[in-house]
Amino acid sequence: STPVAIFCALTKAAMSGLLLKGGDYIETLSGIKTVAFDKTGTITRGEFTVTDFSVLDDTSIETLLYWVSSVESKSSHPMAAALVEYGMSHSINPIPENVDNFQIFPGEGVFGTIDGKDIYVGNRRIGARVGSEEVDCHMQFQSHEISTLKQYCEPTLVGVFSLADSCRSGVLEAIEELNLLGVRSVMLTGDSTQAAMYVQSQLNHALDIVHAELLPAEKAVIIENFKKDGLTAMIGDGINDASALASSDIGISMGISGSALANETGNAILMSNDIRKIPEAIRLARKTTRKLV
Ligand code: ADP
Ligand code: MG
């Protein structure tokens with residue numbers, strides 16, 4: 001296609017809210033075989049609320065909330081904000097200055113020392129780091145919510161939180177549209193299998209493939225594998241998926257995301273955060289490059 005046609009397509013895409021950082025990405029989009037989505041912040045809003053909470057030993061609720069919210073106040077993960085807010089709603093103010101040795105374990109959780117106590121907040125993986133036994137928790141799922149287990153270890157598990165997030169509107173339509181275009185849709189997440197399957201069920205099982213409990217580096221390896229089958233796009237918010245974005249043929253970052261990193265890593269920015277613009281852009285790119293729509 002002519003430079004003018006490419007320019008028109010770039011402009012059209014930009015007007016619909018997808019900024020492409022170069023004309024070559026029109027060609028890439030026209031040939032996409034697989035679209036991989038990050039879950040948290042991409043398929044879902046990444047706005048969590050704590051729906052349930054229990055203390056498993058004789059630690060007081062106040063102490064536990066103080067520890068958890070103080071450590072989380074140093075994290076920019078979407079779950080962290082919900083945990084801090086939850087503490088505040090119980091009149092517990094986080095004290096970030098009291099947290100020493102703060103450390104982030106991407107895809108696992110966070111760590112900090114408060115008053116000489118080692119505090120880990122995160123999923124099963126972080127539990128395994130400190131050797132806490134696993135607990136079975138029954139969570140009640142409410143409609144349009146996605147829950148995730150939160151474990152708190154000291155070094156045994158002393159608290160469990162359920163967090164809920166919800167799917168962005170238009171995601172199901174977007175995935176159905178990708179199906180019509182013959183493009184495979186995939187979800188990659190560092191969250192639990194249970195949370196991933198819950199999102200899949202909210203989407204009428206429309207996603208072709210779901211991978212859960214992934215570390216950031218594992219997301220990138222999966223992208224490399226999809227690339228063996230054809231051109232692969234990755235859409236993410238930059239939180240624990242920057243290397244997957246970089247590995248893909250076209251990395252698309254969510255526009256209004258918690259992470260400036262994604263905007264730098266990505267080859268495109270989805271300003272509107274409207275996933276439906278992805279199949280729309282593929283259609284436009286195919287038209288522009290005169291491939292069959
Ligand atoms: P996703 O792949 O869905 O975008 P992330 O890779 O950001 O998810 O996080 C994966 C998992 O790691 C979360 O579901 C959570 O269990 C854990 N996690 C990450 N950061 C934190 C944090 N600050 N506090 C607690 N848990 C966290
Ligand atoms: Mg993410």
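Going by an unreviewed UniProt entry, the protein carries the name HMA domain-containing protein and comes from Psophocarpus tetragonolobus.

A look at the overall build of the protein
A tally of helices and strands in the protein yields 12 helices and 13 strands. By residue count, 47% of the 293 residues in the protein fall in the buried class. A separation threshold of at least 6 residues defines the contact pool for the protein, and within that pool the share at least 24 residues apart is 60%.

So, the packing of helix H1 (residues 3–15) against helix H12 (residues 277–288)
The interhelical angle for the contact between H1 and H12, taken along N-to-C directions, is 170°, at an axis separation of 10 Å. Here H12 runs roughly antiparallel to H1, going by the angle between their axes. The crossing of H1 and H12 is right-handed. Judged by residue contacts, Ala5, Ile6, Ala9, Lys12 and Ala13 of H1 engage Ala281, Leu284, Ala285 and Thr288 from H12. In terms of residue class, the contact of H1 with H12 is made up of 7 nonpolar, 1 polar and 1 charged.

Some details on the site of ligand 1
Surrounding ligand 1, one finds 22 residues, the nearest of these being Thr40, His77, Asn123, Gly190 and Asn240. When residues of the shell around ligand 1 are traced back to their parent elements, those giving at least two are helix H3 (39–43), helix H5 (78–89), strand S5 (109–114) and strand S6 (117–122). For the shell around ligand 1, the leading source of residues is H3, giving 3 residues. Considered class by class, the residues forming the shell around ligand 1 number 5 nonpolar, 12 polar and 5 charged. Residue contributions to the shell around ligand 1 reach at least three from each of two domains, namely domain 1 (3–45 + 168–288) and domain 2 (49–165).

Reading the values: rules and limits
Sequence order sets the numbering: in each chain, residues are counted from 1 along the sequence as written. As a convention, the first chain written is A and the first ligand written is 1, with the rest following in written order. With the structure being a predicted model, the display of local features is reserved for residues of pLDDT at least 70 and the display and counting of side-chain atom pairs for 80 or more, all residues being used for whole-chain, interface and lining totals. Only DSSP runs of H or I with at least four residues qualify as helices, and only runs of E with at least two residues qualify as strands; both kinds are numbered from the N terminus onward. With C-beta atoms placed from the backbone, the exposure class of a residue follows from how many other C-beta atoms lie within 10 Å of its own: 20 or more, buried; 12 or fewer, exposed; in between, partly exposed. Each residue gets a C-beta atom placed from its backbone, and two residues are in contact if those atoms lie within 7 Å. Each axis is a line fitted through C-alpha atoms, taken for helices only over the stretch in contact, and angles between the N-to-C directions span 0 to 180 degrees. Orientation labels follow simple angle bins: below 35 degrees gives roughly parallel, above 145 gives roughly antiparallel, 65 to 115 gives roughly perpendicular, and whatever is left gives oblique. For any pair of crossing helices, the crossing counts as left-handed if the nearer helix is rotated counterclockwise from the farther one by less than a right angle, and right-handed if it is rotated clockwise. Under the scheme applied here, ten amino acids are nonpolar (Ala, Val, Leu, Ile, Met, Phe, Trp, Tyr, Cys and Pro), four are charged (Asp, Glu, Lys and Arg), and all others, including Gly, are polar. Throughout this description, a residue near a molecule or strand is one whose C-beta atom, derived from the backbone, lies within 6 Å of it. For the domain bounds, the source is a domain assignment made automatically or taken from a database.

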